[in-house]
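One letter stands for each residue in the lines below.
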Amino acid sequence: MEITFLKSAFREDHYPPPDRPEIAFAGRSNAGKSSLINTLVNRRKLAKTSSAPGRTRALNFFALGDRLYLVDLPGYGFARVPEEVRRSWQDMVENYLRKRPNLKAVVLALDIRRDPSSGDLDLLNRLKAHGLGTIPVLTKADKLPRGRTSRRAAEITLALGSALEGKPVVFSAKTREGKEEIWQRIYEVTG
């Protein structure tokens, strides 16, 4: 799979041209979003991972050959940054979600061990308001015993209720569980 880092963007005029379908990746700062991206594209260090939340501070664009863009959005929730910086990230992401014409869906990374936050629900509702599809992914499934995984998936699905579109994919970067299902959903929305 040929994937390359294109650029980091803070404003609309920095984005690459909207000449192919685009899938964005969102989630709380510690939800495993970068590991999810790296596993999907079979690369270890394409999207930067860190033990300190909030390292993604721009919209990071990656080209999957000449057919698709993947976009790593800044995380929300736990980053230790000033409130002014947090608001600027929120404005940057909101502008991107509202205005990007080739954005087909957002993969929402949710840590299966954590209950959905108000930020998760807020993002799901904003995506729905913008008419954007969501591919919910429950990350870090390998951190729970197998029996507890299905129970947590059901609890999270119930907690997200009507904000959720479709059943979440249970995923593990370690075992690669769910990888093929995520790609199948991406291909369904990008054609």
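Cut-offs used in this document
- Residues numbered from 1 in each chain as written.
- Predicted model: local features only at pLDDT ≥ 70, side-chain atom pairs only at ≥ 80, totals over all residues.
- Heavy atoms only, no water.
- Helix = DSSP H or I, 4+ residues; strand = E, 2+ residues; numbered from the N terminus.
- Buried < 20%, exposed > 50% of the residue type's maximum accessible area, 1.4 Å probe, protein only.
- Contact = heavy atoms within 4.5 Å.
- Areas by Shrake-Rupley, 256 points an atom, 1.4 Å probe, with all protein chains shown as cover.
- Salt bridge = Lys/Arg side-chain N within 4 Å of Asp/Glu carboxyl O.
- Phe/Tyr/Trp six-rings, centres within 6.5 Å; stacked < 30°, edge-to-face > 60°.
- Core = buried A, V, L, I, M, F, W, Y, C linked by side-chain atoms within 4.5 Å.

K.L.:
Hey, could you run me through the overall build of the protein in this one?
P.N.:
Secondary structure assignment for the protein yields five helices and seven strands. Reading the protein from its N terminus to its C terminus gives the helix and strand order β-β-α-β-β-α-β-α-β-α-β-α. Buried residues in the protein amount to 50% of all 191 residues. When contacts within the protein are restricted to residue pairs at least 6 apart in sequence, those whose partners lie at least 24 apart make up 77%. On the protein, roughly 9,600 Å² of surface is accessible, and the fraction owed to carbon and sulfur atoms is 48%.

K.L.:
How should I be thinking about the environment of Ile156 in this particular structure?
P.N.:
With respect to the helices and strands, the residue Ile156 is situated in helix H4 (residues 146-160). Using a relative accessible area of 1% as the deciding quantity, one classes Ile156 as buried. For the pair Ile156 and Asp115, spaced 41 residues apart in sequence, the C-alpha separation works out to 6.6 Å. When near neighbours in sequence (up to four residues on either side) are disregarded, Ile156 contacts Asp111, Ile112, Arg114, Pro116 and Leu138.

K.L.:
Explain the pattern of salt bridges to me, please; I cannot follow it from the model alone.
P.N.:
When the charged atoms of two side chains with opposite charge come close together, those side chains can pair. Counted by the stated rule, this structure contains 14 salt bridges. Linking Arg126 and Glu94 is a salt bridge whose minimum nitrogen-to-oxygen distance equals 2.5 Å. Of this pair, Arg126 sits in helix H3 (residues 118-129) while Glu94 sits in helix H2 (residues 83-99); the two residues are 32 residues apart in sequence, bridging distant segments of the chain. With a relative accessible area of 21%, Arg126 lands in the partly exposed category. The class of Glu94 is buried, set by a relative accessible area of 16%. Notably, a salt bridge pairs Arg113 with Asp111, separated by 2.9 Å at the nearest N-O pair.

K.L.:
What am I meant to see in the packing of aromatic side chains here?
P.N.:
The geometry of an aromatic ring pair is captured by two quantities: the separation of the ring centres and the angle between the planes. Following the criterion strictly, the structure yields five aromatic pairs and no others. Geometrically, the ring pair formed by Tyr15 and Phe61 is tilted, given 5.5 Å between the ring centres and 45° between the ring planes. Residue Tyr15 is located in the loop between strand E1 (3-9) and strand E2 (22-27), and its partner Phe61 is located in strand E3 (residues 59-64); the two are separated by 46 residues in the primary sequence. For the residue pair Tyr15 and Phe61, the accessibility class agrees, reading buried in each case. Ring centres 5.4 Å apart and planes at 20° place the aromatic pair Trp183 and Tyr187 in the stacked group. Of the two residues, Trp183 and Tyr187 are both situated in helix H5 (residues 179-190); the distance of four residues between them amounts to about one turn of the helix. We classify Trp183 as buried; its relative accessible area is 5%. According to the relative accessible area criterion, Tyr187 is partly exposed, its value standing at 33%. Ring-pair connections join several aromatic residues into one group, and the members of that group are Tyr15, Phe61 and Tyr96.

K.L.:
What is the right way to read the nonpolar core from this model?
P.N.:
Nonpolar side chains in soluble globular proteins tend to be buried together. The biggest cluster of nonpolar side chains holds 30 residues, and the ones touching the most others in it are Leu59, Leu73, Tyr96 and Leu97. For this core, the secondary-structure elements that each account for two or more residues are E2, E3, H2, strand E5 (103-111), H3 and H4. Every residue in contact with Leu97, bar those within four places of it in the chain, is listed here: Leu73, Leu103, Val106, Leu123, Leu127, His130 and Leu132. In this structure, Ala31, Ala105, Ile182 and Trp183 belong to the second largest nonpolar core, which totals 23 residues.

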